[in-house]
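Single-letter residue listing:
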Amino acid sequence: MSTKVKVAGEIVAHCRKCGLDLAHVVCAMVAGVPKRVLCKTCGQEHAYHRPQEERGASRSSSSERTARPAGTSKSKSVHEADTESARERAWRDHIAGQPASAFALYSPRGTFVADQLLRHAKFGDGFVSRVIDAGKIEVVFRDGARTLAHGLSG
Ligand SMILES: [Zn+2]
């Protein structure tokens, strides 16, 4: 018996609405492959899904497909960890082994210079990575760089 698939012909496909492999009418074909089918049971037209029986045989290729998004998100978090460790390393290079007396207590009224070590009441120990202008400095703390005020008078 011939099972040649053609538009308006019948084919067994998986219907997600019915949750079963059922007879469908082919609505559209692309390059000899059914693209859209109409479920004869629920009457819904949907994209062609291969019968589940058939899919069970090629499980390895479908698990490969689902593994890919997890891989991309993993490589993204690896990249984030890299930038974080580079910043933490710079922070550690400045802070490590420094006696408490090396740190100036941060106050917006103080005036700070590049590479100066300072201790912030809330953010902890950090170093001045750059002086932005007479009123702002960029300070690298363990959890990241922050812009702080300095040189305030009064
Ligand atoms: Zn259906």
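Everything numeric here is computed off the predicted structure, so don't read it as measured data.

Right, let's get into the overall build of the protein. When helices and strands are tallied, the protein shows 2 helices and 9 strands. The N-to-C order of helical and strand elements in the protein reads β-β-β-β-α-α-β-β-β-β-β. In the protein, which comprises 154 residues, the share counted as buried stands at 13%. Taking as baseline every contact in the protein between residues at least 6 positions apart, the subset at least 24 positions apart corresponds to 26%.

Take Glu53: it is sitting in helix H1 (residues 52-57). The class of Glu53 is exposed, set by 10 C-beta atoms lying within 10 Å. Counting along the chain gives 32 residues from Glu53 to Asp21, while the straight-line C-alpha distance between them is 8.2 Å.

This part covers the nonpolar core. Grouped together as the largest cluster of nonpolar side chains are 9 residues: Trp91, Tyr106, Leu118, Phe127, Val128, Ile137, Val139, Val140 and Leu148. Those elements that place two or more of their residues in this core are strand E7 (124-133) and strand E8 (136-141). When residues of this core are assigned to their parent elements, the largest contribution, 3 residues, is made by E8. In contact with Tyr106, other than residues within four places in its own chain, are Leu118, Arg119, His120 and Leu148.

Strand order in this open sheet of 4 strands is E1-E2-E3-E4, and the pairing throughout is antiparallel. The open sheet has two edge strands with one neighbour each: strand E1 (10-15) and strand E4 (45-47). Sheet twist, expressed as the average angle between the axes of neighbouring strands with direction ignored, equals 50°. One ladder, built from 6 bridges, connects E1 with strand E2 (residues 20-30); its direction is antiparallel. Along E2, the bridge assignment pairs Glu10 with Val25.

Scoring rules and cut-offs
- Residues numbered from 1 in each chain as written.
- Predicted model: local features only at pLDDT ≥ 70, side-chain atom pairs only at ≥ 80, totals over all residues.
- Helix = DSSP H or I, 4+ residues; strand = E, 2+ residues; numbered from the N terminus.
- Buried ≥ 20, exposed ≤ 12 C-beta atoms within 10 Å, placed from the backbone.
- Contact = placed C-beta atoms within 7 Å.
- Core = buried A, V, L, I, M, F, W, Y, C linked by C-beta atoms within 7 Å.
- Pairing = 2+ DSSP bridges.
- Axes fitted to C-alpha atoms, helices over the stretch in contact; angles between N-to-C directions.

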